[in-house]
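Structural overview for review
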Amino acid sequence: MAISHLQPVVILLVLSAFASLPTQAAARGGHDPLDDGAHEPFSRKLLEDKPPQITEEMVRGYMSNAELEAAVHAFGSRCSNISRVYRDNTNLLSALERWVIEISDKPRQREAEPAFKFIGNVHGDEPVGREVLMHLANWLCDNYLKDSLATLIVENMHLHILPTMNPDGFALRWRGNANNIDLNRDFPDQFFSVNNDIDYRQPETRAIMNWVKQEHFTASASLHGGALVANYPWDGTRDTSKHYYGCPDDKTFRHMASVYSRSHYNMSLSKEFEGGITNGALWYPIYGGMQDWNYIHGGCFELTLEISDTKWPKADELPVIWEHNRMSMLNLLTTLIKSGVHGRIFAADTGRPIPGSVMIKGIDSKVSASSTFGDYHRIVVPGETYEVVASMEGFQQKSTRIMLEQEAVNLDFILDPDGTDGQMKLPRNDGGCHCDNAKLFHVQEAHLWLYLLIVSVLLTLYLVFKRKTASRLASKLLAYRYSSLRRPVAV
Ligand SMILES: [Zn+2]
């Protein structure tokens, strides 16, 4: 009996262990067989058959591949408190290696936080992204605990930066990889799947596909040059004609692209693209692009960002281009933290997190919860009401309605196994907290008293009805503990 009385306490301790764990997306080119070459004038820079010769003068001041590798490792040494540097598993034709910088306050741990990836230099002849990404990494390191945005990003998400996806193409000073294949045409395509076997992809592509399956990316962006615009899915159309073709999350993508464009020095002032954003298929359709594949197969909301009108601006302009893109990058990252719906999915019978999925009613797409913590991160446009639906095979689906203001909402689900009749839904809407530290304290304090009261009541109920309701009640207690002590999203 003594042991059974301890059961809720043990479960609470287990829950509290979960609760104490820190909370946790081309220009677009190569030869396209569907490309008849009849593109609008504004796309010509990206699709020139014979791009201008890249001269030594143009390259001067840009990091070579060896210098970039050294810069990545120097960053890793200098900023080891908030980063780790890891090699991706691509076996390039050359002896070059690709390195990733992960930035987080706990870079070597899995956390129930959103993850974002930035990929630069997809096209070998578009080197601005790799330079700007090193500026971003160093800026975050230099400003952590000094700047509120830097601190917010480091402490509330995992940022993965692959400065160059295509070092061979960069060394060869051309668009494709060593096989002269355009990597942004090499991903399995939703409309024209000639061969979608991952083994037949280029090594650079294959590595990205495996990476997306290993990491639980919420969103991402690849960086390109030759235009100034934030491009979003879909990139292609079923009939190959050039027209607006939005994906199920069109509104969300327009929102994300606009966050980037409006935060940029002059992207939103574009005369070619209204608001500095464009649907890929409306600009010019491409097939086999990385962006659409990420969204379809990884649940990862990826943008394709054209961040420089010219592909090889003079190297002394790079710091200025970084400054023009700095707030765009920071605001895009913080969108994952400060807005949207976040939470975890638990099994009612065991209290354990489960890798279910979350849908928004009316939007035909789903995001998955992680297998480690059951956490999900769903970007949606603020200021609207959504019905959020959580599901998992073998469990009963549950849904709840939320009003999403400008702040993020925490919403946890406890799913009952199939065959049970309980209605254990405990979604909570913490509503985020757009407030200063004092108010934040009061909110947390209020949550603590509320929590203690609820725990007392539930423990009493447990003792009275333990035989009948033991496992369900424990799950509730766990959920209350997690959600009530969870730090509100700080805006
Ligand atoms: Zn490109």
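Residues numbered from 1 in each chain as written. Predicted model: local features only at pLDDT ≥ 70, side-chain atom pairs only at ≥ 80, totals over all residues. Heavy atoms only, no water.

An unreviewed UniProt entry lists the protein chain under the name Peptidase M14 domain-containing protein, with Miscanthus lutarioriparius given as the organism. The UniProt entry for the protein chain carries this comment under Cofactor (unreviewed entry): "Zn(2+)". (UniProt positions renumbered as here; feature names shortened; annotations may be inferred.)

A few words on the overall build of the protein chain. Counting secondary structure elements, the protein chain contains 13 helices and 16 strands. With the model as given, the accessible surface of the protein chain reaches about 20900 Å², and the carbon-plus-sulfur share is 53%. (Helix = DSSP H or I, 4+ residues; strand = E, 2+ residues; numbered from the N terminus. Areas by Shrake-Rupley, 256 points an atom, 1.4 Å probe, with all protein chains shown as cover.)

This brings us to the pairing of strand E3 (residues 115–119). Among the 5 residues that make up E3, 5 are buried, leaving the element largely enclosed by the rest of the structure. Burial of E3 is two-sided: the residues Ala 115, Lys 117 and Ile 119 facing one way and the residues Phe 116 and Phe 118 facing the other way are all buried. In the sheet, E3 pairs with strand E4 (residues 158–162) via 5 bridges, with the strands oriented parallel. Its bridge partner lying in E4, Ala 115 is registered against His 158. Bridge analysis of E3 against strand E5 (residues 217–224) gives 5 bridges, and the strand direction is parallel. (Buried < 20%, exposed > 50% of the residue type's maximum accessible area, 1.4 Å probe, protein only. Pairing = 2+ DSSP bridges.)

Before going further, it helps to examine empty space enclosed by the protein. There is about 90 Å³ of room inside the largest cavity. Residue lining of the largest cavity: Asn 65, Leu 68, Glu 69, Val 72, Leu 96, Glu 97, Trp 99, Pro 163, Thr 164 and Pro 167, and that is the complete set. Take the lining of the largest cavity: its biggest share by element is 4 residues, from helix H4 (residues 65–78). Each residue belonging to the lining of the largest cavity can be placed in one class, and the counts come to 6 nonpolar, 2 polar and 2 charged. One number sums up the size of the second largest cavity: a volume of about 40 Å³. Lining the second largest cavity, in full, are Pro 188, Asp 189, Gln 190, Gly 289, Asp 292, Trp 293, Ile 296 and His 297. (1 Å grid on protein atoms, 1.4 Å probe; cavity = no way out; pocket = protein on both sides within 12 Å on 5 of 7 lines; lining within 4 Å. Points joined across faces, edges and corners; volume = space filled by probe spheres on them. Nonpolar A, V, L, I, M, F, W, Y, C, P; charged D, E, K, R; others polar.)

What follows concerns the side chain of Glu 131. On the secondary structure map, Glu 131 appears in helix H5 (residues 128–143). For the buried Glu 131, no salt bridge is present, and the opposite-charge side chain at shortest range is Arg 130, 5.1 Å distant. Apart from the residues within four sequence positions on either side, Glu 131 is in contact with Tyr 62, Met 63 and Leu 318. (Lys, Arg positive; Asp, Glu negative; His and termini not counted. Salt bridge = Lys/Arg side-chain N within 4 Å of Asp/Glu carboxyl O. Contact = heavy atoms within 4.5 Å.)

Moving on, we get to the environment of Leu 93. Looking at the element boundaries, Leu 93 is found in the loop between strand E1 (83–87) and strand E2 (99–103). Taking relative accessible area as the criterion, Leu 93 reaches 60% and is therefore assigned exposed. Spatially, the C-alpha atoms of Leu 93 and Asn 177 are 9.1 Å apart, while their sequence positions differ by 84 residues. The contact partners of Leu 93, leaving out residues within four places of it in the chain, are Asp 168, Ala 178 and Asn 179.

The first and last C-alpha atoms of helix H8 (residues 203–214) sit 16 Å apart over 12 residues, in line with the 16 Å expected at 1.5 Å per residue. Among the residues of H8, those classed as buried are Pro 203, Glu 204, Thr 205, Ala 207, Ile 208, Met 209, Trp 211 and Val 212. (Expected span 1.5 Å × (residues − 1).)

Oppositely charged side chains can pair when the atoms bearing their charge come close. Here the structure, examined in full by the defined rule, presents 19 salt bridges. In this structure, Glu 215 engages Arg 110 in a salt bridge whose closest nitrogen and oxygen atoms are separated by 3.6 Å. On the criterion of sequence distance, the pair formed by Glu 215 in the loop between H8 and E5 and Arg 110 in the loop between E2 and E3 is long-range, its members being 105 residues apart. With a shortest N-O distance of 3.3 Å, Lys 311 and Glu 126 are connected by a salt bridge. Here Lys 311 is found in the loop between strand E8 (301–308) and helix H12 (318–338), whereas its partner Glu 126 is found in the loop between E3 and H5, with 185 residues between them in sequence.

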